[in-house]
Amino acid sequence: MGKSRTKRFKRPQFSPTGDCQAEAAANGTEGEEDDGPAAELLEKLQHPSAEVRECACAGLARLVQQRPALLGLARRDAVRRLGPLLLDPSLAVRETAAGALRNLSACGGFEVCDDMVTKDIMTPLVALLKECSAGLDSNEMSPQEKKDQNRNSIENIANEAMNVLWNICECSSRAVSIFNKEGCLEIVLKYLSRFSTNVDLAISVAYCLQTVTEDNPELLNSFTAPALHVLESAMLSPVSSMDYILLKTLVAGTVWNLKDIIPSKSQAEIINAILKILSEVLEVDPGEIVIQMKEAETQRLKAAAETEEIRENANGDNLIEDDEMEEVPHKRKVRRKTFISDLLPPTDKELREAMALLTAQQTALEIIVNMCCSEDPSDDEWEELSSSDESDAFMENSFSECGGQLLSPLCLSHEVHTAFTNYLIPKKIFEKTAFPNSIAVDLCSRSPTWKSLVRKMNTIQCRALVCLQSLVSLLDVDHLGGAAALQTLAQHLSQLLFSQPDFAKHVDFLEAISSALRALLQTMASKNISQCMTPDQLMTLCTAGIHSSNTGVRVNVVSILGITGSVLAKEDGTLETLKTIGCFLLEVATKDPSLVVAGEALDALFDVFADGKEAERASIQIKLLSALKEFQPVFKTKGLTSLQQRCWPWLQSTEVLTGAGRFLPRWLTHMAVGRRPHSSLFLKTALESTRHLEATCPVALTTLFPARDEEVSKSLFLPVYARGVLAESP
């Protein structure tokens, strides 16, 4: 386990009063001034008065939302000073101290969370969780009035502490190891078992459990039958409020993480239960719910205002006016105590329910994506891929079976595939790819407290597009509705994309929809289904996408161009379009600063100009061969520079680049004599290079390219140069 835990999707950072990044920007020039209040507040943490300590913790909870203040707090060792207050004699101090640490861990990110673990925050945090658990048990024997009061305080403290634990475990594998060793599972499951009386605490626990059960075999072995029963009870709760929908979705994600310890005879039943919950969550129309909740809030506030007006009028009628009456001395204002709830945004019931539903739908879509992703190929599997003819044949079969993807990381078990079909998961995901309800967006945009829901609705659309990408790559054409359904889907995605004139500005949306288009066009091309994007639309997308700062967007648009170009190369009358595509890809390959994007552009060139009379004519007219020959030393230099920047000093060999330098000229030679290259020529050379790097410098394979581009990061140059040219030479 490394320093930080990597996930396909990362949750947004929590901020009690809004976006802490925005506040940081607004307060970016006040770093020096913030150090004064920080020092004063930290000193007050040691004050004999519990009320002063509580107010100091509350002040720090607000202060940590300002990015410049984080540096000052780190210098002054705020974590070591706040940690002991988690066990303060005053329950109010414990709660506000936990709230300050919660904000610190949420706004600080990976580095701050890892520093918190280094400064031993886990010791008082685990002790606090254990004390809260024991306190809840002892309260069951107390008188009813005292019991309720203590229970509420202890559960509030536990809720804050669980959020701190969740934030830290999200960012630090060392925290997860401590979670395992300290037996925290039993404690948090006890909290979860109280879901019927405190759903907020249960939701915090469910978030944490979903995090710590991911890729954690040591913890999975600790799950006993009673522990699984607690999860089952929460997941199958009959309550249908929005909070409970979120809780059941999170627990379903945890149960999916536990699939390896579930007996095979129960796998189908569990998978069906999980997907039934996800299906029910996605069935709800979030736009309609937001509209209903906003209307309910409006009516409630109107009724409250009318009630208050009636009360004021009644009090006014009872006033006795007496000019001779002595003036009543003005009462001194009493400062209200500051509780952790004061630090949270004003989340009324309706807003909380709307946010819970949107979060549940986003989580459901993320779980479905994770269900579509299998483990990476093991080292043993890669070791078996030698340069023998048998391995070459296996590689070619892998390419044909996976639709052009080498050892695709996507797969579906029979149980998951069946459940997807039974619960109409593809249909519901397709519906979520539409733009959010315009009326709901307008209502939320006009309310400062509801405005964050607009971003949430847009995020759901992006997650649905990523889900769509996975499903299109996984399912057979028949299960997707046939060729006509794929063409309809392509038209739908094109309409989504080009209905927004400024689509290039929305980076998350552009990355998600370009990924979905890439997968869809690849599937359609492999099945010889005619594609629906016009050349003008294609070049509009690629021209906008290639200027994006997001590497994933640039890789996607280049790949889309390669897929479409390879189809056009087999048709008549496409010479001019192929010339435009070829010039575009050459420019990307030679000028893009990213080695990944440049490699993808070369890959696309190989696809487009590998075969076809029109492709041959186009390659001659744009002088493709001479351009690639000139580019070869540039690519080698660019590759070496990238390797040195990312892998140095671990990388001691340039064998990979030497290998790339060997098979690129051979491809050029084959192009010059009008022959398609033989698959084994590239596979043998690329495999030799990859295996050499694995043997001499395994860290390079995981640091050379972004982790999410797994087919590139694992096999290095192999898919970049081999994909698309695997047919036997004539």
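All of these numbers come straight from a predicted model, not from anything done at the bench.

Considerations on the packing of helix H14 (residues 242-257) against helix H17 (residues 349-371)
(1) Moving on: Contact geometry of H14 with H17 gives a least axis separation of 8 Å together with a crossing angle of 20 degrees. The orientation of H14 relative to H17 falls into the category roughly parallel. Note that H14 runs across H17; the crossing there is left-handed. Between H14, through Met242, Asp243, Ile245, Leu246, Thr249, Leu250, Gly253 and Trp256, and H17, the contact on the second element is made entirely by Arg352, Glu353, Ala356, Leu357, Thr359, Ala360, Thr363, Ala364, Ile367, Asn370 and Met371.
(2) Moving on: Here the residues of the contact of H14 with H17 are counted per class, giving 11 nonpolar, 5 polar and 3 charged.

Focus on the packing of helix H11 (residues 199-212) against H14
(1) Moving on: Direction vectors running N to C along H11 and H14 enclose 25 degrees, while the axes themselves pass 9 Å from each other. By the criterion of interaxial angle, the relationship of H11 to H14 is roughly parallel. Remark: the crossing between H11 and H14 carries left-handed chirality. Residues Val199, Asp200, Ala202, Ile203, Ala206, Tyr207, Leu209 and Gln210 of H11 touch H14, and the partners they reach there are Asp243, Tyr244, Leu246, Leu247, Leu250, Val251, Gly253, Thr254 and Asn257.
(2) Moving on: Each residue belonging to the contact of H11 with H14 can be placed in one class, and the counts come to 11 nonpolar, 4 polar and 2 charged.

What about helix H30 (residues 613-621)?
(1) Moving on: All buried positions along H30 are accounted for by Glu614, Ala615, Ala618 and Ser619. Mapping the buried residues of H30 onto a view down its axis gives an arc of 135 degrees, with all of them on the same face. The exposed set on the far side of H30, more than 90 degrees from its buried face, consists of Lys613, Glu616 and Ile620.
(2) Moving on: Backbone geometry just downstream of H30 places Lys623 in the positive-phi region, at approximately 55 degrees.

A short note on the confidence of the model for the protein
(1) Moving on: Residues at a pLDDT of 70 or more form 70% of the protein, whose mean pLDDT is 77.
(2) Moving on: Here residues 10-34 is a poorly scored stretch, pLDDT under 50, and it has 42 contacts once near neighbours within four places are set aside; other chains count.
(3) Moving on: This stretch, residues 643-694, has a pLDDT under 50; its non-local contacts, to residues over four places away or in other chains, come to 106 contacts.

Here's the deal with the side chain of Gln500
(1) Moving on: One can find Gln500 in the loop between helix H24 (482-498) and helix H25 (507-526).
(2) Moving on: Classification of Gln500 by relative accessible area gives buried; the value is 18%.

Let's talk about the pattern of salt bridges
(1) Moving on: If you walk through the whole model with that rule in mind, you get 25 salt bridges.
(2) Moving on: In this structure, Lys428 engages Glu283 in a salt bridge whose closest nitrogen and oxygen atoms are separated by 2.9 Å. With Lys428 in helix H21 (residues 425-432) and Glu283 in helix H15 (residues 264-283), this pair connects stretches of sequence that are 145 residues apart.
(3) Moving on: The exposure class of Glu283 is exposed, given its relative accessible area of 55%.
(4) Moving on: A salt bridge links Asp348 to Arg300, with the shortest nitrogen-to-oxygen separation between them at 3.4 Å. Of the two residues, Asp348 is situated in the loop between helix H16 (286-317) and H17 and Arg300 in helix H16; the sequence distance between them amounts to 48 residues.
(5) Moving on: According to the relative accessible area criterion, Asp348 is partly exposed, its value standing at 30%.

Section: H25
(1) Moving on: Taking 1.5 Å of rise per residue, the 20 residues of H25 would be expected to cover 28 Å, and the 28 Å separating its terminal C-alpha atoms lies within 8% of that figure.
(2) Moving on: In terms of residue burial, H25 counts as a mostly covered element, since 15 of its 20 residues are buried.
(3) Moving on: Downstream of H25 by a residue or two, Asn528 has a phi angle that is positive, lying close to 55 degrees.

Considerations on the packing of aromatic side chains
(1) Moving on: A full pass over the atoms with the stated rule returns 3 aromatic pairs.
(2) Moving on: Relative to Tyr207, the ring of Trp166 has its centre 4.2 Å away and its plane inclined at 15 degrees; by these criteria the two rings are stacked. Highlighted residues: Trp166 in helix H8 (residues 144-171) and Tyr207 in helix H11, separated in sequence by 41 residues. There is no split in this pair, since Trp166 and Tyr207 are both buried.
(3) Moving on: With 6.0 Å between their ring centres and 85 degrees between their planes, Phe498 and Phe503 make a pair best called edge-to-face.

A short note on the nonpolar core
(1) Moving on: Core analysis: the largest hydrophobic core is formed by 189 residues, its most contacted members being Leu165, Phe179, Tyr191, Leu192, Leu247 and Leu493.
(2) Moving on: The element contributing the most residues to this core is helix H23 (residues 452-474), with 13 residues.

Each value, and the rule that gives it
Residues numbered from 1 in each chain as written. Predicted model: local features only at pLDDT ≥ 70, side-chain atom pairs only at ≥ 80, totals over all residues. Heavy atoms only, no water. Axes fitted to C-alpha atoms, helices over the stretch in contact; angles between N-to-C directions. Helix = DSSP H or I, 4+ residues; strand = E, 2+ residues; numbered from the N terminus. Parallel < 35°, antiparallel > 145°, perpendicular 65-115°, else oblique. Left-handed = near helix turned anticlockwise from the far one by under 90°. Contact = heavy atoms within 4.5 Å. Nonpolar A, V, L, I, M, F, W, Y, C, P; charged D, E, K, R; others polar. Buried < 20%, exposed > 50% of the residue type's maximum accessible area, 1.4 Å probe, protein only. Arc of directions from axis to C-beta. pLDDT = per-residue confidence, 0-100. Salt bridge = Lys/Arg side-chain N within 4 Å of Asp/Glu carboxyl O. Expected span 1.5 Å × (residues − 1). Phe/Tyr/Trp six-rings, centres within 6.5 Å; stacked < 30°, edge-to-face > 60°. Core = buried A, V, L, I, M, F, W, Y, C linked by side-chain atoms within 4.5 Å.

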